Amino acid sequence: MPNLTSLAIDTPIGPLTIFASDKAVTRLDFAAGKSISASPQSMAVADQAASELGQYFAGQRKSFDVAVALLGTDFQKSVWREIERVRFGETKTYAELAGAIGNPKAARAVGGAVGANPVPIIVPCHRIMGAAGKLTGYSGGAGIPTKIQLLKLEGLL
């Protein structure tokens, strides 16, 4: 992807690396990375994401305005768009997401798409729970402990 910037930031849940194009955040990794500025436009997108994430972790932001470019299959994108509708302080189950995308028997496949979310936190996959609201796996950071931290931040635990 041309003009791809990466920006490493420290957060209360550990280091994150933001990847951004000239128009949108393309990926958010739970790892320390290298900060590389490819263009002023992509750096501006990464800076906006870093600022919004800082506000989120400080309890000053409940949703994100930075643009995201979700790269995946059509099925994954439909799941991620539905995750974006889950508001701060709310949760949904994998089964509820499956129903919302019109495929009520696809809870397991939805789980796979949730785990493949390229922009966690901004696309809030930590708000997705197992059956009956049970706390289940999380592929970011330290796994379940990271999910618990994010849910506590939102007053859900």
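As shown above, the structure is provided for reference.
On a predicted model such as this, the values are computed, not experimentally measured, just so you know. (Residues numbered from 1 in each chain as written. Predicted model: local features only at pLDDT ≥ 70, side-chain atom pairs only at ≥ 80, totals over all residues. Heavy atoms only, no water.)

(A) Here's a closer look at the pattern of salt bridges. The final tally for this structure, using the stated rule, is 5 salt bridges. Residue Arg 61 pairs with Glu 52 through a salt bridge whose shortest N-O separation is 3.9 Å. Each member of the pair, Arg 61 together with Glu 52, is buried. Residue Glu 154 pairs with Arg 127 through a salt bridge whose shortest N-O separation is 2.8 Å. Placement of Glu 154 in the segment after helix H5 (144–153) and of Arg 127 in the loop between helix H4 (107–115) and strand S5 (128–129) is noted, with a sequence separation of 27 residues between them. Take Glu 154 and Arg 127: they sit in the same class, and that class is buried. (Salt bridge = Lys/Arg side-chain N within 4 Å of Asp/Glu carboxyl O. Buried < 20%, exposed > 50% of the residue type's maximum accessible area, 1.4 Å probe, protein only. Helix = DSSP H or I, 4+ residues; strand = E, 2+ residues; numbered from the N terminus.)

(B) Structural view of the sheet that holds strand S3 (residues 25–29). With antiparallel pairing, the 3 strands of this open sheet are ordered in space as S1-S2-S3. Every interior strand has two partners, whereas the edge strands, strand S1 (5–11) and S3, have only one. For this sheet, the mean angle separating the axes of adjacent strands, direction not counted, is 20°. Across 4 bridges, the pairing between strand S2 (residues 14–20) and S3 is antiparallel. Within the sheet, the bridge partner assigned to Ile 18 lies in S3 and is Leu 28. Against the sheet, helix H1 (residues 40–57) engages S1, S2 and S3, with an angle of about 15° to S1. (Pairing = 2+ DSSP bridges. Axes fitted to C-alpha atoms, helices over the stretch in contact; angles between N-to-C directions. Contact = heavy atoms within 4.5 Å.)

(C) Spatial organisation of the packing of aromatic side chains. On inspection of all chains with the given rule, the structure shows 4 aromatic pairs. Ring geometry for Phe 30 against Tyr 138: centres 6.1 Å apart, planes inclined by 85°, an arrangement best described as edge-to-face. Of this pair, Phe 30 sits in the loop between S3 and H1 while Tyr 138 is found in the loop between S5 and H5, placing the two residues 108 residues apart along the sequence. By relative accessible area, Phe 30 is classed as partly exposed at 21%. For Tyr 138, a relative accessible area of 12% gives the class buried. (Phe/Tyr/Trp six-rings, centres within 6.5 Å; stacked < 30°, edge-to-face > 60°.)

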